[in-house]
Amino acid sequence: MNSAEALARQVMHRIDELSAISETPGILTRRYLTAEHRRANELVGHWMSGAGMDTWQDAAGNVIGRYDGAQGNAPALIIGSHLDTVVNAGKFDGMLGVLCGVACIQALFQTGRRLSYPIEVIGFADEEGARFGTTYLGSRAVTGQLDPSTFEQTDAAGISLRQALADFGLDADRICQAARRPDDILAFLELHIEQGPVLEVLGRPAGVVTAINGQTRLSVTITGEAGHAGTVPMSLRRDALAVAAEGVLAVERECDENDDVVGTVGILRVTPGAINVIPGDVTFTVDIRGKDDVDRRNVVAEVSQAVREAAEKRNCIAQFSAIHEAISAPCSERMIEIIERAIAAVGFKPGRMPSGAGHDAAAMAELCDVGMIFLRSEGGISHNPAERTSQEDIAIGINIMMKVLDEMEGY
Ligand code: GLV
Ligand code: MN
Ligand code: MN
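Below is a short write-up of the structure. (Residues numbered from 1 in each chain as written. Chains lettered and ligands numbered in written order. Predicted model: local features only at pLDDT ≥ 70, side-chain atom pairs only at ≥ 80, totals over all residues. Heavy atoms only, no water.)

1. A few points about the pairing of strand β6 (residues 206-212)
Consideration 1: Across the seven residues of β6, six count as buried, placing the element largely inside the fold.
Consideration 2: Direction of pairing for β6 relative to strand β16 (residues 370-375): antiparallel, over a ladder of three bridges. The residue of β16 that forms the bridge with alanine 206 is leucine 375.
Consideration 3: Judged from the two bridges that link them, β6 and strand β14 (residues 329-330) form a sheet pairing that is antiparallel. Along β14, the bridge assignment pairs alanine 211 with proline 330. (Buried < 20%, exposed > 50% of the residue type's maximum accessible area, 1.4 Å probe, protein only. Helix = DSSP H or I, 4+ residues; strand = E, 2+ residues; numbered from the N terminus. Pairing = 2+ DSSP bridges.)

What follows is the structure in structure tokens.
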């Protein structure tokens, strides 16, 4: 009954149940500190309790379950991933890692087995940054690395993070209580869908992550002057959207010129946004990532310079504000080797790969050794409702995770 296949079937059902908790009916959107965040925590907390864990919600809104080990106060292995989503998300991103963690504990609990070390499973509250732009809020609170200026950042409705925490029943001034001590942590393990096509192309169900690429997120505001679309000659316009358009193309060009850096403009807001009005104000976001921090910063500098020049040419003002900055985070060599051995023990060829997507493991690397298992994504699709990982691959992932737990006895 407790075979990995049965657990994978249960994980699939749970993923469907969890994905029904959404801010918008018919699509999946679940952002930090919303009523749906609370409901997801309650449901996952209920599953954690059913797997024999003590459960609680921490000062940042992360849901945590703890399964004690055989030896008193040994440092805990933390297994985790996130429960928040992007807008119109797929249902495997983040959630799969949390539910596979719970499935492994359930397997231990139902056979009455305790490992020498305790295990905690964390459903992190904010990894995507879909509400406040800045990412890893849940995991950075656990590492004690949340910058207090973050609390003043606002969402699209103008609500500050401080206020949203209060509305949720939490207190920004007490979020430090979520921080954990490095001495209490053995390591951090995250299972996640690959979100890209590499494993599928290689014909492998799983891979091991070597490092999580660094990222820069900016908000750029261009101020020009709104005017009549029919009367203002082209040479006298201060068109903020024309500047932003050059910015979008600069992101594409500069990243194209650097093999290991990728860049995206995902949000563009045009004001006033009318067919017959010259755009007076535009705000757009820039997300630039790469494995090499120097290359990434060079691209950010080139893009910023291109936007400044485009603004100057049109007598507009360009202002940049940093939303998020994360350096490239390496996984621990020891954890990489353990995961490789686990993949081989389950009968597959292990392969190493970097992660282009951000993960809670990148934040947790500040606190302890981290390791990541990637599972194959069908069609390499993610951040899209079509995102899918098969039940067979999830069973393989659970088996790999169980092998890793065995090996961690000697860590
Ligand atoms: C999170 O999934 C990110 O990489 O943006
Ligand atoms: Mn994601
Ligand atoms: Mn994710």
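2. Digging into the coordination of the manganese ion (ligand 3)
Consideration 1: Each protein donor to the manganese ion (ligand 3) is listed here as His82 (NE2), Asp93 (OD) and His192 (NE2); together their distances run 2.0 to 2.2 Å.
Consideration 2: Mapped onto the sequence, the residues coordinating the manganese ion (ligand 3) show the spacing H-x10-D-x98-H.
Consideration 3: In this structure the manganese ion (ligand 2) is found 3.5 Å away from the manganese ion (ligand 3), and aspartate 93 serves as a bridging donor for the pair. Note that histidine 82 is positioned in strand β3 (residues 76-82) and aspartate 93 in the loop between β3 and α3 (95-110), a separation of 11 residues in sequence.
Consideration 4: By relative accessible area, histidine 82 is classed as buried at 0%.
Consideration 5: The class of aspartate 93 is buried, set by a relative accessible area of 5%. (Donors = N, O, S within 2.8 Å, 3.2 Å for Na, K, Ca; no water.)

3. Thoughts on the nonpolar core
Consideration 1: In terms of nonpolar packing, the biggest core is built from 89 residues, with Leu18, Ile398, Leu405 and Met408 touching the most fellow members.
Consideration 2: Examining the composition of this core, we find that 11 residues originate from one element, α3, more than from any other.
Consideration 3: Contacts of isoleucine 398, omitting those with residues within four sequence positions, involve Ala4, Leu7, Ala8, Val11, Cys100, Ala103 and Cys104.
Consideration 4: Ala244, Phe284, Val307 and Cys316 belong to the second-largest nonpolar core, a separate cluster that totals 20 residues. (Core = buried A, V, L, I, M, F, W, Y, C linked by side-chain atoms within 4.5 Å. Contact = heavy atoms within 4.5 Å.)

4. Things to note about the packing of aromatic side chains
Consideration 1: In this structure the tally under the stated criterion is two aromatic pairs.
Consideration 2: The interplanar angle of 85 degrees and the centroid separation of 6.5 Å between the aromatic rings of tyrosine 67 and phenylalanine 109 together place this pair among those described as edge-to-face. Taken together, the residues tyrosine 67 in strand β2 (residues 63-67) and phenylalanine 109 in helix α3 connect sequence positions 42 residues apart.
Consideration 3: Owing to a relative accessible area of 2%, tyrosine 67 belongs among the buried residues under this scheme.
Consideration 4: Judged by relative accessible area, phenylalanine 109 falls into the partly exposed class, the value being 37%.
Consideration 5: Pairing phenylalanine 124 with phenylalanine 188 gives two aromatic rings, centres 6.0 Å apart and planes at 55 degrees, and the pair type is tilted. Of the two residues, phenylalanine 124 sits in strand β4 (residues 119-124) while phenylalanine 188 sits in strand β5 (residues 185-193), which places them 64 residues apart along the sequence. You'll find phenylalanine 124 and phenylalanine 188 in the same group, each marked buried.
Consideration 6: Lying across the ring of phenylalanine 168, arginine 38 places its NZ or CZ 4.2 Å from the centre.
Consideration 7: Over the ring of tyrosine 411 we find arginine 334; its NZ or CZ atom is 3.9 Å from the centre of that ring. (Phe/Tyr/Trp six-rings, centres within 6.5 Å; stacked < 30°, edge-to-face > 60°. Lys NZ or Arg CZ within 6 Å of the ring centre and 35° of its normal.)

5. Topic: the pattern of salt bridges
Consideration 1: The tally for this structure, following the rule as stated, stands at 25 salt bridges.
Consideration 2: Between aspartate 287 and arginine 289 there is a salt bridge; the shortest N-O distance is 2.8 Å.
Consideration 3: Given a relative accessible area of 15%, arginine 289 falls into the buried group.
Consideration 4: Here the salt bridges do not stand alone but share partners, grouping Arg66, Asp68, Glu120 and Arg180 into one network. (Salt bridge = Lys/Arg side-chain N within 4 Å of Asp/Glu carboxyl O.)

6. Thoughts on the state of the cysteines
Consideration 1: On inspection of all chains with the given rule, the structure shows zero disulfides.
Consideration 2: Looking at cysteine 100, it has no disulfide partner, and the nearest cysteine sulfur is the one in cysteine 104, 6.8 Å off.
Consideration 3: The cysteine cysteine 331 is free of any disulfide, with cysteine 368 supplying the nearest cysteine sulfur at 11 Å. (Disulfide = S-S within 2.5 Å.)

7. Remarks on the packing of helix α2 (residues 35-50) against α3
Consideration 1: In the contact formed by α2 and α3, the axes pass within 9 Å of each other and the chain directions differ by 20 degrees. Judged by the inter-axis angle, α2 sits roughly parallel to α3. Where α2 crosses over α3, the two elements pack in a sense that is left-handed. Between α2 and α3, the contacting residues are Val44, Trp47, Met48 and Gly50 on the first element and Val98, Leu99, Val102 and Phe109 on the second. (Axes fitted to C-alpha atoms, helices over the stretch in contact; angles between N-to-C directions. Parallel < 35°, antiparallel > 145°, perpendicular 65-115°, else oblique. Left-handed = near helix turned anticlockwise from the far one by under 90°.)

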